[in-house]
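# Working through the structure, step by step
What follows is the residue order along each chain.
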Amino acid sequence: MRGMLKTTLSMVLTVWMSGISFAGEAPMIADKVAKGELPPLEERLPKEPMIVDYAAENKTEGKYGGDMRILMGKAKDTRQMAVYSYARLVGFGPDFILGPDIAKSFDVKEGREFTFTLREGHRWSDGHLLTTEDFRYFWEDMVKHPELGRKGVPTDMLVEGEEPTFEVIDELTFKYTWSKPNPAFLPALAGASPLYIYRPAHYMKQFHTKYTDADKLEEMAAEAEAKDWTALHTRKQRQRRAENPDLPTLQAWWNRTPPPSTRFVFERNPFYHRVDPNGNQLPYIDNVIMNIVSKDVIPAKAGTGETDLQARYLRFDHIPFLKQGEASGKFRTLLWNLGRGSQVALFPNLNASDPVWRDLNRDVRFRRALSLAINRDEINESIYFGLAQPSANTVLPSSKFHRDEYTTAWTSHDTKKANALLDDMGLDKRDEDGTRLLPNGARLEITVESAGESTEETDVLELISAHVKDIGVKMFVRASQRDIFRRRANSGETVMSVFNGLDNGVPSADMSPQELAPTAQPQLQWPQWGQYNETGGKAGTKVDMESAETQLALYNQWMIAPDMEKKTEIWHEMLGNYTDQVFSIGTVNNSRQPVVISAELRNVPEEATYSWEPTSYFGAYRPDTFWFDR
Amino acid sequence: MSKSATRLPEDHYVNEAPFDPKAIEKLTPEQEAVFLASQMQLMWWKFKKHKLAVFCGIFLLLMYLMAAFAEFLAPYNLEAKNSQYIYAPPQSINLFHEGEFVGPFVYDYKKELDLKTFQRVYTEDTTKVIPLSFFCSGDEYNFWGMIPADNHLMCADIQKPIYLLGSDRLGRDLLSRIIYGARISLTIGLIGIMISFVLGIVIGGFAGYYGGWVDLVVQRLIEVIQSLPTLPLWLVLAAIMPANWSPILIYFGITVILGLIDWTGLARAVRSKLLALREEDYVLAARLMGASPARIIGLHLVPGFMSHLIASATITIPTMILGETALSFLGLGLRSPTVSWGVLLNEAQNINVVAITPWLILPVVPVILVILAFNFFGDGLRDAADPYG
Amino acid sequence: MLGYIAKRFTYMIPTLILTSMLVFFLIELPPGDYFESYVNELIAAGETIDPKQIEFLRTEYGFDRPVWERYWIWATGMLVGDFGYSFEYELPVREVIGDRLIFTIIVTFFTIIFTWLIAFPIGIYSATHQYSWGDYGLTFLGLLGLATPNFLLALIMMYLANQWFGTAIGGLMDPEFVDKPFSFAKFLSVMEHLWIPVIVIGTSGTAAMIRRVRANLLDELRKPYVTTARAKGVPEFKGLMKYPFRMSLNFFIADIGSVLPQVISGAEIVAIVLSLETTGPLLIQALQSQDMYLAGSFLMLLAFLTVIGVLISDIALGFLDPRIRLQGGVSR
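Values in this document were obtained by computation on a predicted structure and should not be read as measured data.

### Some words on the packing of aromatic side chains
Residues and elements named next belong to chain A. For the structure on display, the rule yields 48 aromatic pairs over all chains. A ring pair is formed by Tyr 176 and Phe 185, whose centres lie 5.6 Å apart and whose planes are at 65 degrees; its orientation type is edge-to-face. The same class applies to Tyr 176 and to Phe 185, which are both buried. Here the guanidinium or amino end of Arg 312 rests over the ring plane of Tyr 313, the centre of that ring lying 5.5 Å away. Against the face of Trp 558 rests Lys 567, its NZ or CZ located 5.3 Å from the ring centre.

### Remarks on the packing of helix α5 (residues 174–210) of chain B against helix α8 (residues 247–277) of chain B
All names here are of chain B. One way to put it is that α5 packs onto α8 with a least axis distance of 5 Å and a crossing angle of 40 degrees. Seen along the crossing, α5 lies across α8 with a hand that is right-handed. In terms of residue class, the contact of α5 with α8 is built from 21 nonpolar, nine polar and two charged.

### Focus: a nonpolar patch on the surface
All names here are of chain C. A cluster of nonpolar side chains, contributed by Ile 102, Ile 106, Phe 109, Phe 110, Ile 113, Leu 117, Ile 118, Phe 182, Phe 184, Phe 187, Leu 188 and Met 191, occupies part of the molecular surface with about 1,200 Å² of accessible area. Secondary-structure elements contributing two or more residues to the nonpolar patch are α5 (93–128) and α8 (184–221). The biggest single contributor to the nonpolar patch is α5, with seven residues. Among the secondary structure elements, Phe 187 is positioned in helix α8. By relative accessible area, which is 35% here, Phe 187 ends up partly exposed.

### Let's talk about helix α15 (residues 376–384) of chain A
For α15(A), the full list of buried residues reads Arg376(A), Ile379(A), Asn380(A), Ser382(A), Ile383(A) and Tyr384(A). Buried residues belonging to α15(A) abut α14 (364–373), β16 (389–390), α18 (455–469), β20 (585–586) and β21 (588–589) of chain A together with β5 (119–143) of chain B. The backbone nitrogen of Asp377(A) has a side-chain oxygen 3.3 Å away, supplied by the residue at the start of α15(A), namely Asn375(A). Following α15(A) by one or two positions, Phe385(A) has its phi on the positive side, about 60 degrees.

### Some thoughts on the nonpolar core
Counting 194 residues, the largest nonpolar core has Trp234(B), Leu334(B), Trp341(B), Val370(B) and Trp74(C) as its most contacted members. Tallying contributions element by element places helix α10 (residues 293–329) of chain B first for this core, with 14 residues. One finds Leu217(A), Ala221(A), Trp336(A) and Met511(A) within the second-largest nonpolar core, a separate group that totals 94 residues.

### Things to note about the domain arrangement of chain C
One frequently used descriptor of interface size is the decrease in accessible area upon assembly of the parts. Residue and element names in this part refer to chain C. Its domain assignment divides chain C into domain 1 (31–82) and domain 2 (103–320). Summed over both partners, the interface of domain 1 with domain 2 buries about 720 Å², with 60% contributed by carbon and sulfur atoms. Of all residues in domain 1, Tyr 34, Arg 70 and Trp 74 give up the largest surface area on contact with domain 2, accounting jointly for 57% of the area buried on that side. Linking domain 1 with domain 2 are zero salt bridges. Where domain 1 touches domain 2, the interface holds one residue pair in polar contact (both at pLDDT 80 or more). In the side of domain 1 that touches domain 2, the residues fall into five nonpolar, two polar and two charged.

### Let's talk about the environment of Ile5(C)
Residue and element names in this part refer to chain C. Within the element layout of this structure, Ile 5 appears in helix α1 (residues 2–28). Its relative accessible area of 22% is what places Ile 5 among the partly exposed residues. As a C-alpha pair, Ile 5 and Ile 315 span 310 residues in sequence and 6.5 Å in three-dimensional space.

### Looking at the interface of chain B and chain C
Between chain B and chain C, the residue contacts involve 44 residues of the former and 43 residues of the latter. Together chain B and chain C conceal approximately 4,100 Å² of surface at their shared face, both sides included; 77% is due to carbon and sulfur atoms. Linking chain B to chain C there are zero salt bridges. Scanning the region where chain B abuts chain C turns up one residue pair in polar contact (both at pLDDT 80 or more). Among the elements of the structure, α6 (212–227), α7 (230–240), α10, α11 (341–348), α12 (351–355) and α13 (364–385) of chain B are those that each provide at least two residues to the side of chain B that touches chain C. In terms of residue count, α13(B) provides more of the side of chain B that touches chain C than any other element does, 10 residues in total. Taken together, the residues that form the side of chain B that touches chain C break down as 30 nonpolar, eight polar and six charged.

### So, the confidence of the model for chain C
Across chain C, the average pLDDT comes to 78, with 87% of residues at or above 70. Least confident of the elements in chain C is helix α14 (residues 322–327) of chain C, whose mean pLDDT is 63; most confident is helix α7 (residues 150–165) of chain C, at 90.

### Describing the pattern of salt bridges
Counted according to the given criterion, the structure contains 46 salt bridges over all chains. Linking Arg622(A) and Glu57(A) is a salt bridge whose minimum nitrogen-to-oxygen distance equals 3.0 Å. Of this pair, Arg622(A) sits in the loop between β24 (609–610) and β25 (627–628) while Glu57(A) sits in helix α4 (residues 54–57), and the two are 565 residues apart along the sequence. No difference in accessibility class separates Arg622(A) from Glu57(A), as the two residues are buried. One connected set of salt bridges, linked through shared partners, spans Asp459(A), Glu462(A), Lys81(B), Asp168(B), Arg169(B), Arg172(B), Arg177(B) and Glu347(B).

### Digging into the sheet that holds strand β14 (residues 331–338) of chain A
Strand-to-strand pairing in sheets goes through backbone hydrogen bonds, with the strands running parallel or antiparallel. Sheet architecture is open: four strands sit in the order β13-β22-β14-β24 (chain A), paired in mixed fashion. Looking at the sheet topology across the chains shown, the edges are occupied by β13 (309–310) and β24 of chain A.

Each value, and the rule that gives it
Residues numbered from 1 in each chain as written. Chains lettered and ligands numbered in written order. Predicted model: local features only at pLDDT ≥ 70, side-chain atom pairs only at ≥ 80, totals over all residues. Heavy atoms only, no water. Phe/Tyr/Trp six-rings, centres within 6.5 Å; stacked < 30°, edge-to-face > 60°. Buried < 20%, exposed > 50% of the residue type's maximum accessible area, 1.4 Å probe, protein only. Lys NZ or Arg CZ within 6 Å of the ring centre and 35° of its normal. Axes fitted to C-alpha atoms, helices over the stretch in contact; angles between N-to-C directions. Helix = DSSP H or I, 4+ residues; strand = E, 2+ residues; numbered from the N terminus. Left-handed = near helix turned anticlockwise from the far one by under 90°. Nonpolar A, V, L, I, M, F, W, Y, C, P; charged D, E, K, R; others polar. Patch = residues over 30% accessible without salt bridge, like charges linked within 9 Å, V, L, I, M, F, W, Y side chains within 5 Å. Areas by Shrake-Rupley, 256 points an atom, 1.4 Å probe, with all protein chains shown as cover. Salt bridge = Lys/Arg side-chain N within 4 Å of Asp/Glu carboxyl O. Contact = heavy atoms within 4.5 Å. Polar contact = N/O pair within 3.5 Å; in protein donor to acceptor, adjacent residues only side chain to side chain. Core = buried A, V, L, I, M, F, W, Y, C linked by side-chain atoms within 4.5 Å. Domains from an automatic or database assignment. Buried area = accessible area lost by both parts, 1.4 Å probe. pLDDT = per-residue confidence, 0-100. Pairing = 2+ DSSP bridges.

What follows is the structure, given as structure tokens:
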């Protein structure tokens, strides 16, 4: 009796004292530990691992095991794994809030001093410790190296051209400092395709002349058919594409299949730093198997149960087929919300080279009239099954910044008002078939150019051309090809283009409002102004329209805004201007993205937003917590 | 045996009828007709014997007529769409409603949105009858882009849609689109063939006539072109074509591409025929009389086997039609809103259609029929082109 | 005989050189380059890029060199097995091609056998029973295969095979076997998937071959020696088999020259639809993204395959038919 009591007591004591009680690991890992191939759990996890908040994120504790199959359309898509696994220094959670992940904590002073503290005992996938040496290597031996750093400092680490100073405080703490605030830094670290400011130094040093003999490096380079040691180094350190099976990683799964292949197996990373609230090391799933097939065949494969987690290459119009396939019981189709500001949007080119069109496009009445003429309900009915939200090109209803006035700005189907606006502009003369005439006598015929890749765009445009006929505008659609499409827009030959709306429809105050101002060349309504901003004035043309100048000024204000309050204020002002000035004409948003998951897969949110930024497609929803209920 | 036959001692028979020494050489009227008939006549007679070819020829003629009168024959315009009837299945034409003869009509649809399967479910509403009328007024159109009219062969009396072959994802009538699509699909082959023809005759002609190193170079060129897989060649050529040209220009661009790839077969045939024929005396005579090579080739040699060429050209037209569909499939050919059978097939090329709305695959039927027709017609032409064979 | 082979061989070389120039020229023609396409592709997916990275890559890969220099490097490289570098895969082209060429050869091979097996008997029957219902019927069936667009047929068959037989969608084998070494199970899986592309590609070539076989055989049957044999009372079938048939066997071999390019290119489209592990999908993707060296090398390899195929058939023909050797070439 006394013996039993003693044993029970000691068991309870041990359990209570071990801190992370009932700490679990995958059976396949436990095997290896038993054989001595891997160190035990306490030595594999950091002292303070990242604990996923299951309560807040609505998750359940899972079982270990299983292989998750996903389908991709190109060999390059292996980089999607880093997007999906989403282990970042700091990352966005499913609530779109930035938090520490790989870093234990971070501190920002005046928006320009960033101090990060790593987790003690955090190891790379091959067992080596992650320390500030890996960060120092990146900055001093790569970016600042005369040969390796030819590319220059990454754009997100420059503030008005100024480089940061990097400081190692101790083995686990380091600091980046700028003289002015750098609001782009943290979102860049948390991005879907992030700014990597670290490398596995212990592995990379063998490819660096500072640590390895130059002759030996030349030999290795020649063997690998690389031009020189810098090319070899660059090739070996590419973390995005998961193509170097020997490169250690911090992600949940580690690719061990050398390319080229049509079947990549990402194996469990035994040193992954996240655990569930009960201390079980994540991920639950053993392997992620990525099959590369023709993208046209992916919907068919998804609909016959050949994938366990799939959203890429599946579109709204595949939903009936997927739903039909659910009868087999092998999978379910979830309908997440698409995070785009508008499914399809028109971009009047404010930099059009033809002066007549430039003036027309720059006249806000013209843009507003076009927007009013569109019957968004019909588009919603016909193409989106009535499930989308008629809206201007702006943030989604689920966004914190959402205000009704943004969504409904100039979107009522009001042909009378539209006609009145155009008449107001002096375009009141019409041709015999009702098409308005320009002052120079030519017919008001717009040619909208598209990249020719999306039937969705073509369909929406067909409907829109019928709508604008009612206000005397004749619309032609010219399907082009991606490269030509971009080139023509950049050079001003295009009068109006059609493309996706805002990339990020659920922004938060600390994310950049760059899409709302002329900041980059890919922005189809003001490519030349954007180019001017991107290149620091070396190419493109300076903004010369008042309303656009206002946006740019607000954007610059955001860059130096001292706190969240001010940033939020600026966001709202920019959003208001953007929709009121109708810089791009939106149609509908909040459409659905089909997500096929295996019938046995758990911890996948039933409803969520599917977007590149900020949720990194599946990333923010933590695929490492998904598990197979078998 | 005539009664007036004289019986000679050895029982020989002598005909009493007057003797015409030239009787052997004289032909019966039918035989004379054949002898004196022109080459064309002979070909026509031989062609007529091939019943299937004649039938196909008539079918093709009808198809071209249909393409010419598309606006009249199609129940709807090209732009007509109806967002209330998206993905509607085909309707059947009925004659009897509740036991009574009412004349041709279709039933209306009852539509439901199934939010579980995300499909539109259409059922026949046997209470609502939509009578069809013929030679009636329907959508307005410009006949051949010039003459405004609104006569249609068939339309619905009430303003409800009739979708004999179903509707597509924007509620457009498939039958109308197939009829309009015939315009482009049937003519693209013809123009491409003409280009092919000209190239083949010119290049093959010079190679065959001159022989020697010209022949060698041309032969190598032909080999090179034939050894390259056509598909990638198309891709590359179509990639060069600026994709923002107007539909008309793209159309011509495609015919040129198709024609450019296909002339090699013709050139080979021309060349081998010429190699044989150029030793003939009449060619020598022409040359001695000072005719230029072009004249000799064009006026004397080629017409001799023109019929063969036409026959093989006819058989190549199906390749052009298929080529157009293949280019559309790759996204290089014509695109919406232009309508051709290739565009329609491209829109049907996805798993949704095969599994859920299979009637959108129907455009493949006219494609198959036309190709078969061209093949048999061409066979008949080829057999006829050699009337002495 | 050796002289004949040598002559054919020497003819092959200028052909290949011309082909390589044509291929390179055509690949260079479309404006823009790989990097521009890559950037635009990222933008289309809503992703972000660092413009500096792109410029860097551009100079890295020598896009600042003149055209003819790049051609020369590529062309001479091919002779020693260096096919250039693929930007899409960021690997040498040689590694990317890998198994694909073998699978292309397998599919092509089976398709040609299939085409022969079907076309030959039908062609012979058609020739001997000209204008009969059988002739029409069989020709009709053959033409049906030709008339149906390949891509549609492939899609439909792929779907039906999955519905009726549970065959996995697309591919030449089930996904589990993709990178595994050869085994009996893998072989079975390939057989399970192979018949769809073989039938789809094969049927489109069958009609043309039937017609050619028929025409050739008819020509033979009209020759005087056949009439003589018939007049002398040789039984129909024996008369057919002993000489005309053997004459047309010549044609069998000679026809590879026409069939091979058509099969290879037909295979490309079908391979895309069915997502086969052959050269098709890769080639199309490479052409669309202007991954120059990959596309160019693929095209050259396919052209090379065709030329070799024709060469082999010519040599085989040379062995079979002494007249060819003496005349110095086939007039096809």
